[in-house]
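Here is how the chains run, residue by residue.
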Amino acid sequence: MSQKNKIAKNIQELRAEIKEAQLVGVTKYSPVEDVILAYEAGLYDFGENRTSDLKEKAEVFKTQELNKVRWHFIGHLQTNKVRELLQIPRLWAIHSVDSLRLLEELYKRENEFKGSEIKVFLQINTSHEEEKSGFETIDELYPAVDLMLSRKDSKFKLHGLMTMGPIRTEDFEADARKCFKALAHVQKTLAERYHLNDLKLSMGMSQDYSIAMEEGSDYVRIGSKIFK
Ligand SMILES: *Cc1c(COP(=O)(O)O)cnc(C)c1O
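As a starting point, this report considers the structure included with it. Bear in mind the structure is a predicted one, so any value in this text is a computation, not a measurement.

**Considerations on the site of the ligand**
In the vicinity of the ligand, the residues found are Val26, Lys28, Tyr29, Asn49, Ile74, Met164, Met205, Ser206, Arg221, Ile222, Gly223 and Ser224. Between the ligand and lysine 28, the relevant distance is 2.7 Å, taken from an oxygen atom to a side-chain nitrogen or oxygen of the residue. Contacts to the ligand include serine 206, whose side-chain N or O atom sits 2.5 Å from an oxygen atom. Here the ligand has 390 Å² of accessible area as a free molecule, and 91% of this is covered by the chains. Considering only residue class, the shell around the ligand consists of 6 nonpolar, 4 polar and 2 charged.

Written out as structure tokens, the structure is:
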């Protein structure tokens, strides 16, 4: 099967499985040519975890006028890369806002972004693995939510919560499920405390998206299962 047909088939099968959830194609291992094949197959949401790689791909898309694309940043964002990120054309969402300090830096640089709105997911470290970033406790999260809700006129809109399943684990299914349940619990806690009833969940990758779907995921971020 050609690469084009393979990618199209993978997207179609995943979409059938995840129903109304959003599929974000993670392109970090893929050349831009493959990302364009996925675009031609009707997928317009793509995620990258490094600003430099995202910038390169976004510029190719811009040059070729592939204007339906929506870029999602999903990696750990260093404060010194915020400016570069906000200059990326058609940046649609940041899934990985993992500290109050980073959020404050984003507000400070807000005017670098030329579009009208960026959706923000606050990242929670539900597995508590030390190499993962993210808010560790709900008490750590409240000041970030308070700040976002106090900045109603900002381009940054609180859209949801993100987490990743564990990497090192004996029983990845059970442990992934625990992490996804923990994220859904944070969603519920915030809904009660702030009357935020429409917070989305970004959880699930190639290995664990079926479990994430069962636990209520709204955005699955999938790389290898589309592109490999
Ligand atoms: C790489 C990555 C993914 C996708 O991983 P696959 O296993 O290739 O599906 C999803 N989310 C984040 C944050 C990633 O870094």
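**Section: the side chain of histidine 159**
Take histidine 159: it is sitting in strand β6 (residues 156–162). Residue classification places histidine 159 among the buried positions, given a relative accessible area of 14%. Polar contacts involving the side chain of histidine 159 include one to the side chain of tyrosine 219, which spans 2.9 Å.

**Looking at unusual backbone geometry**
With a phi close to 55°, glutamate 65 is a non-glycine residue in the positive phi region. Topologically, glutamate 65 is positioned in the loop between α3 (51–63) and β3 (70–73). The backbone of histidine 128 sits at a positive phi, close to 55°, despite the residue not being glycine. Tracing the chain through its elements places histidine 128 in the loop between β5 (118–123) and α6 (138–150).

**Observations concerning the packing of aromatic side chains**
Within this structure, the stated rule accounts for 8 aromatic pairs. An angle of 80° between the planes, with centres 5.1 Å apart, marks the rings of phenylalanine 61 and tryptophan 71 as edge-to-face. On the criterion of sequence distance, the pair formed by phenylalanine 61 in helix α3 and tryptophan 71 in strand β3 is long-range, its members being 10 residues apart. Look at phenylalanine 61 and you get buried, because its relative accessible area is 1%. Taken together through their ring pairs, the aromatic side chains of Tyr39, Tyr44, Phe46, Phe61 and Trp71 make up a single cluster. Over the ring of tyrosine 142 we find arginine 193, and its NZ or CZ is 3.6 Å from the ring centre. Above the ring of tyrosine 29, the side-chain terminus of lysine 228 is found at 4.5 Å from the ring centroid.

Scoring rules and cut-offs
Residues numbered from 1 in each chain as written. Predicted model: local features only at pLDDT ≥ 70, side-chain atom pairs only at ≥ 80, totals over all residues. Heavy atoms only, no water. Near = heavy atom within 4 Å. Polar contact = N/O pair within 3.5 Å; in protein donor to acceptor, adjacent residues only side chain to side chain. Areas by Shrake-Rupley, 256 points an atom, 1.4 Å probe, with all protein chains shown as cover. Nonpolar A, V, L, I, M, F, W, Y, C, P; charged D, E, K, R; others polar. Helix = DSSP H or I, 4+ residues; strand = E, 2+ residues; numbered from the N terminus. Buried < 20%, exposed > 50% of the residue type's maximum accessible area, 1.4 Å probe, protein only. Phe/Tyr/Trp six-rings, centres within 6.5 Å; stacked < 30°, edge-to-face > 60°. Lys NZ or Arg CZ within 6 Å of the ring centre and 35° of its normal.

Function cannot be inferred from these measures alone, as they are strictly geometric.
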